Amino acid sequence: MFRIQDYIRDIKDFPKKDIIYKDITPLLQDPSATREALKKLLELLGDQKVHKVVGIESRGFFFATLLAQELNAGFVPIRKPGKLPFNTFRENYSLEYGEDVLEIHCDAIQEGEKVLVHDDVLATGGTAAAACKLVEKMGGEIVQCNFLMDLDFLKGRDKLNPYEVVSLVTY
Ligand SMILES: O=P(O)(O)OC[C@H]1O[C@H](OP(=O)(O)OP(=O)(O)O)[C@H](O)[C@@H]1O
Ligand SMILES: Nc1ncnc2[nH]cnc12
């Protein structure tokens, strides 16, 4: 039986002391495990219509592009500041080990589009909440926020209260 946790390894004190970093590169290296994880994310979405899949830099990009292909939806990157070449909207946020800004292209989402937000890890929820704010500012409707894993002790779900939140494994 497929267990995603068998493909996620803990790296102690990365990128800072006292952080146990959840590394998904073992999952990405294994095509059948990647397929299984993708299948499970799609099962959790069900038959909800999606126009755009938003992936959050950088680890959110991997599965967001796969999800977009499977759903016949567009892929939209949300990136760290200064990386997107066209006009952007931006949002400040804080995360488990620092502060940052996220940006999205101003023409990436149209009013009324249904949007799936994907990232690899839900930790404090600051990143995903900022991504959702950007989407909603543009008139997008969040269908679901999905994650490979969530770190329950950091209470990220509390920041995503209005949305449906799913993940493949909870730590
Ligand atoms: O729920 P939060 O506390 O906001 O944290 C979760 C975010 O932290 C990680 O990204 P990171 O900023 O480390 O960037 P990376 O994906 O480029 O490694 C992870 O991929 C999520 O995007
Ligand atoms: N512990 C963690 N491991 C991997 N990504 C993260 N993003 C925020 N916290 C994280």
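One numbering rule holds for all chains: residues counted from 1, following each sequence as written. Both sets of labels track the order of writing: A upward for chains, 1 upward for ligands. Where totals are concerned, whole chains, interfaces and linings use all residues; where local detail is concerned, this predicted model gives features only for residues with pLDDT of at least 70, and gives and counts side-chain atom pairs only at 80 or more. Remark: hydrogens and water are excluded; side-chain values derive from all non-hydrogen atoms of the structure.

In the annotation of an unreviewed UniProt entry, the entry for the protein chain reads Adenine phosphoribosyltransferase, and the organism field reads Salinimicrobium sediminis. Heading Catalytic activity (unreviewed entry) of the UniProt record for the protein chain holds this comment: "AMP + diphosphate = 5-phospho-alpha-D-ribose 1-diphosphate + adenine". Under the Subunit (unreviewed entry) heading, UniProt states for the protein chain: "Homodimer." UniProt positions are given in the numbering used here, feature names are shortened, and annotations may be inferred rather than shown by experiment.

A. Quick look at the overall build of the protein chain. In this text, helices come from DSSP runs of H or I with a minimum length of four residues, and strands from runs of E with a minimum of two, each type numbered from the N-terminal end. Along its length, the protein chain carries five helices and nine strands. Moving toward the C terminus, one meets the helices and strands of the protein chain in the order β-β-α-α-β-α-β-β-β-β-α-β-α-β. What the globule rule says is 2.2 Å times the number of residues to the power 0.38, and the radius of gyration is computed from C-alpha atoms. Taking 16 Å as the expected radius of gyration for a compact globule of 171 residues, we find that the protein chain reaches 15 Å, a close match to that expectation. Along the first, second and third principal axes, the C-alpha atoms of the protein chain reach 40 × 35 × 30 Å. Each residue is placed in one exposure class: buried if its accessible area under a 1.4 Å probe, protein chains only, is under 20% of its type's maximum, exposed if it is over 50%, and partly exposed if it falls in between. For the protein chain, with 171 residues in total, the buried portion stands at 48%. Contact definition: two residues touch when any of their heavy atoms are within 4.5 Å. Considering only intrachain contacts with a sequence separation of at least 6, the fraction spanning at least 24 residues in the protein chain is 59%. For accessible areas, the Shrake-Rupley method is used with a probe of radius 1.4 Å. Any residue's cover is judged against the shown protein chains and nothing else. Accessible surface, the protein chain: about 8,700 Å² in total, of which carbon and sulfur atoms supply 49%.

B. The arrangement of the pattern of salt bridges in detail. In what follows, salt bridge is the name for a side-chain nitrogen of Lys or Arg lying within 4 Å of a carboxyl oxygen of Asp or Glu. Following the criterion strictly, the structure yields 14 salt bridges and no others. Asp 10 serves as the salt-bridge partner of Lys 22, at 2.7 Å between the closest nitrogen and oxygen. Here Lys 22, found in strand 2 (residues 20–23), pairs with Asp 10, found in strand 1 (residues 9–12); they are twelve residues apart in sequence, far enough to count as distant. The class of Lys 22 is buried, set by a relative accessible area of 10%. Given the relative accessible area of 46%, Asp 10 is considered partly exposed. In this structure, the salt-bridge partner of Glu 103 is Arg 90, at a minimum N-O distance of 3.0 Å. A residue pair is termed long-range when its members are at least 10 positions apart, and Glu 103 in strand 6 (residues 98–105) and Arg 90 in strand 5 (residues 88–95) qualify at 13 residues. Exposure remark for Glu 103: the relative accessible area of 6% places this residue in the buried category. Salt bridges sharing partners connect three or more residues here, namely Glu 91, Lys 133 and Lys 137.

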